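Chain by chain, the residues run as shown.
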Amino acid sequence: MENRYKDTLSALVRCIHESAGSIDSKSLGDLVELILSKKTIFIYGSGRSGLVGQYFAVRLVQLGLDVHFVGDMTTPIIGPDDLTILVSNTGETMSAVQTANIARRIGSHVVCITSSKYSKLAHASNSTILLHIPQNTDGNLVPLGTLFEDATILMFDSLIPELMKRLGQSEEDMRKKHAIWV
């Protein structure tokens, strides 16, 4: 039993390393620039991709940025000076594609994070950050979008130190914006 968990963990770490390593560094640098230059940041994803997006939104809020998750009741309307980040493994999730089309029509810069270069979402976005997800993995070890979600979390986390530096934020500054009263 113990070996099964270790085998699963090893497979997961190996595949995530491969996926995260496939991301174009220029795309990440461009995303940092967009985050820093836009008035408000909107993030959206459905299901577990949405949870990954919310995870990143929390970090950006802790950095002092104006961030909203699309679909929340208190989310304002997206504007032309804003950034919209959409997370979808397949790039075919209808609500994400619709959000991209609406945000782009308004004039927001739309960035999608996906594993499908030719998806509807990639087509509807201004910029695409592509994650290569190994196709030869055991679906019983890493079911559904596990690799995409985990690699996306690590990709987002890799941006935080640069954003901290560029925004002049320390861990202590971020801690002051942490929801500790819950």
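The numbers attached to residues start from 1 for each chain and follow its sequence in the written order. With the structure being a predicted model, the display of local features is reserved for residues of pLDDT at least 70 and the display and counting of side-chain atom pairs for 80 or more, all residues being used for whole-chain, interface and lining totals. Calculated side-chain values reflect all of the structure's heavy atoms, with hydrogen atoms and water omitted.

**As for the sheet that holds strand β3 (residues 83–87)**
Right, on to step 1. Two strands pair under a simple rule: DSSP has to find at least two bridges between them. Per the convention used, a helix needs a DSSP run of H or I reaching at least four residues, while a strand needs a run of E reaching at least two, with both numbered from the N terminus. The five strands lie next to each other as β2-β1-β3-β4-β5, forming an open sheet whose pairing is parallel. The outermost strands of the open sheet, each flanked by one partner alone, are β2 (67–69) and β5 (127–130). Recorded for the sheet is a direction-independent mean angle of 20 degrees between the axes of neighbouring strands.
Right, on to step 2. Bridge count between β3 and strand β4 (residues 109–114): five bridges; the pairing is parallel. From the neighbouring strand, L86 faces β4, where its bridge partner is C112.
Right, on to step 3. Together, β1 (41–45), β3, β4 and β5 form the strand contacts of helix α2 (residues 25–37), whose direction differs from that of β3 by roughly 135 degrees. As a rule, the C-alpha atoms of each element are fitted with a line to give its axis, helices using only the stretch in contact, and angles between N-to-C directions run from 0 to 180 degrees. The contact rule is simple, with two residues in contact once any of their heavy atoms fall within 4.5 Å.

**Some details on α2**
Right, on to step 1. To estimate how far a helix should extend, the number of its residues minus one is multiplied by 1.5 Å. Between its first and last C-alpha, α2 extends 18 Å over 13 residues, near the 18 Å set by a 1.5 Å rise per residue.
Right, on to step 2. In this scheme, a residue with accessible area under 20% of its type's maximum is buried, one over 50% is exposed, and one in between is partly exposed, where area comes from a 1.4 Å probe on protein chains only. Taken residue by residue, α2 has S27, L28, L31, V32, L34 and I35 as its buried positions. Projection of α2 onto a plane perpendicular to its axis shows the buried side chains occupying an angular sector of 165 degrees, all on one side. Seen from the open side of α2, the exposed residues pointing more than 90 degrees away from its buried face are S25, K26 and S37. What the arc describes is the spread of directions from the helix axis to the C-beta atoms.

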